[in-house]
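Architecture at a glance
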Amino acid sequence: MSHQPSVGLIHYQAGNIKSLRSAFDWFNVAVRIVESADDFDGLTHVVLPGVGAFGHCADQLRASPAMDRLQDWVRVEKRPLLGVCVGMQLLAAESEEFGHHAGLGWLGGRVTRLRTNDPAIRVPHVGWNTVTVAQPFCGYDVGQTDDYYFDHSFAYEDLSAAHVLGTCTHGRSFPAIVGAGNILAAQCHPEKSQKTGLLLIERFLQMGAA
Amino acid sequence: MVKKRLIPKLLIVNRPFGKQEISVLVTTVGFQGERQVGDPVSQAKIYESQLVDELLVLNINSLPIGANRALVELVERLATETFMPLTVGGGVADLRDFAVLLESGADKVSVNTAALRDPDLVSQAARVYGAQCVVVSIDVRRQPDGRMTVVSGRGTVDEGHDPVIWAREMVDRGAGEIILTDVDRDGGSAGLNTALCRAVVDAVNVPVIISGGCGVANHFVEGFADGHAEGVSAGTYFSFRDQNPMQTRSHIANAGIPIRLLT
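All names here are of chain B. Evaluated as defined, the whole model comprises four cavities of 30 Å³ or more. In this model, the largest cavity occupies a volume close to 120 Å³. Along the walls of the largest cavity sit 17 residues, with D186, G187, A234, G235 and T236 positioned nearest its centre. Among the elements of the structure, strand 1 (5-17), strand 2 (20-29), strand 12 (231-234) and helix 9 (236-239) are those that each provide at least two residues to the lining of the largest cavity. At three residues, strand 2 tops the list of elements feeding residues into the lining of the largest cavity. A class-by-class count of the residues in the lining of the largest cavity yields five nonpolar, ten polar and two charged.

See the structure below:
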């Protein structure tokens, strides 16, 4: 890598920080837990994790002292952000998980439950499933397929095709990897997807490298 | 389509090592008679290199999580040194235990006896962490009168529940996954209880993992094809044979079951 990445993991009491931290540590880059605006100093990449109910995560993030700085980082300075799982879903306009909750709206779209009448399609969607690249991003080519690990009951719907980088099918086709410019986000867990996931993280670390 | 899962089960007991306790890997037969078979972290790394889909880590000392520093350290090491999904259980009693294990690097937490004592724990955990984090482990065995019932205390206590009805109640309360283990088949290498698995699969809409009894690669195929399981978990099978997960995966794929073969 031509630059020295310094990664910040947003910690807002709603994420599995440990595993994500391990994945970035594997690349021997500086990793810092971010809990306030000052913690952004010197960072090159920011990661928004998230595990649990959407509403709880959204409330925790909005209440976080890091929230305003995160918004500037992503929306004003246009610097690299990786959203993972619920951290990805929070970028939507809204979610229907346990009632109606507003998201950050940075990508648009809605997060809805994976519904199915097919007894072979189980929800939560747990396990390894194939992501097909829908448009080129970070060195991935259209049509390329890779297996990633998923563990979720809700997924994006009605997201602008311009933001859909990769799709997966479980009952319905849903956006599995999304993005817009400086934003990359994954419904699957790259930090739990062995070599396939580590490659996605490496590609994220190359984002923004001049 | 989501792939079927092959899930090595790491049964863990604590052993004194100097002034502290460490986690060691064991196998059992009928949940009794621990045989030490290795170091869990080394074994997990080998499994990862052989492309297993996730790991099930169960401490069978029945120690409270808060008093089981060795287990928490094991989970931290597994989450640091491997990059695959971890389901952890054994001694989970309350929401605080969920928090401790998830913060240590577990992706899913398995609860068993505590759900029998307080079924509402499952509902609470699902509300806070989401159903996808909440795994209910159900141990079953055949009683002298012929009934198949849910058991606890390493298979010694008959809880009286019908496994299918109990599984449905757990899912209604928010369980996102069921792990079904037939104690009578544990360590016996004579095959999975596919009939019971099928009955539970038909009764719930979440993924069901079957365990207890894998002795040859075809037992995995039976778990998927006959039991309709989303995953098959095995401990003894991988501990005493030359069979490694990649060979087993090939056998499963050759039977026409969708499973990951390549990185």
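Here we come to the interface of chain B and chain A. On the side of chain A, 33 residues touch chain B, which itself brings 41 residues to the contact. Summing both sides of the interface, chain B and chain A together bury roughly 2900 Å²; the carbon and sulfur share of this comes to 53%. Our count for the contact surface shared by chain B and chain A stands at two salt bridges. The shortest N-O distance in the salt bridge between A:D147 and B:K3 comes to 3.4 Å. Secondary structure elements with two or more residues in the side of chain B that touches chain A: helix 2 (69-81), helix 3 (95-104) and helix 5 (120-129) of chain B. For the side of chain B that touches chain A, the element with the most residues is helix 5 of chain B, which contributes four residues. In terms of residue class, the side of chain B that touches chain A is made up of 20 nonpolar, eight polar and 13 charged.

This part covers the packing of aromatic side chains. Taken as a whole, this structure holds twelve aromatic pairs over all chains when the rule is applied. Where A:F137 meets A:Y140, the ring centres are 4.9 Å apart and the plane angle is 25 degrees; that geometry is what we call stacked. There is no split in this pair, since A:F137 and A:Y140 are both buried. Here the aromatic residues B:Y47, B:F220, B:Y237 and B:F238 are joined through ring pairs into a cluster of three or more. Here the basic side chain of A:R113 rests over the ring of A:F154, its NZ or CZ set 5.8 Å away from the ring centre. Residue placement shows B:R260 over the ring face of A:W128; its charged tip is 3.4 Å from the ring centre.

Cut-off values and rules
Residues numbered from 1 in each chain as written. Chains lettered and ligands numbered in written order. Predicted model: local features only at pLDDT ≥ 70, side-chain atom pairs only at ≥ 80, totals over all residues. Heavy atoms only, no water. 1 Å grid on protein atoms, 1.4 Å probe; cavity = no way out; pocket = protein on both sides within 12 Å on 5 of 7 lines; lining within 4 Å. Points joined across faces, edges and corners; volume = space filled by probe spheres on them. Helix = DSSP H or I, 4+ residues; strand = E, 2+ residues; numbered from the N terminus. Nonpolar A, V, L, I, M, F, W, Y, C, P; charged D, E, K, R; others polar. Contact = heavy atoms within 4.5 Å. Buried area = accessible area lost by both parts, 1.4 Å probe. Salt bridge = Lys/Arg side-chain N within 4 Å of Asp/Glu carboxyl O. Phe/Tyr/Trp six-rings, centres within 6.5 Å; stacked < 30°, edge-to-face > 60°. Buried < 20%, exposed > 50% of the residue type's maximum accessible area, 1.4 Å probe, protein only. Lys NZ or Arg CZ within 6 Å of the ring centre and 35° of its normal.

So, to be careful, I would describe these as geometric facts and stop short of saying anything about function.
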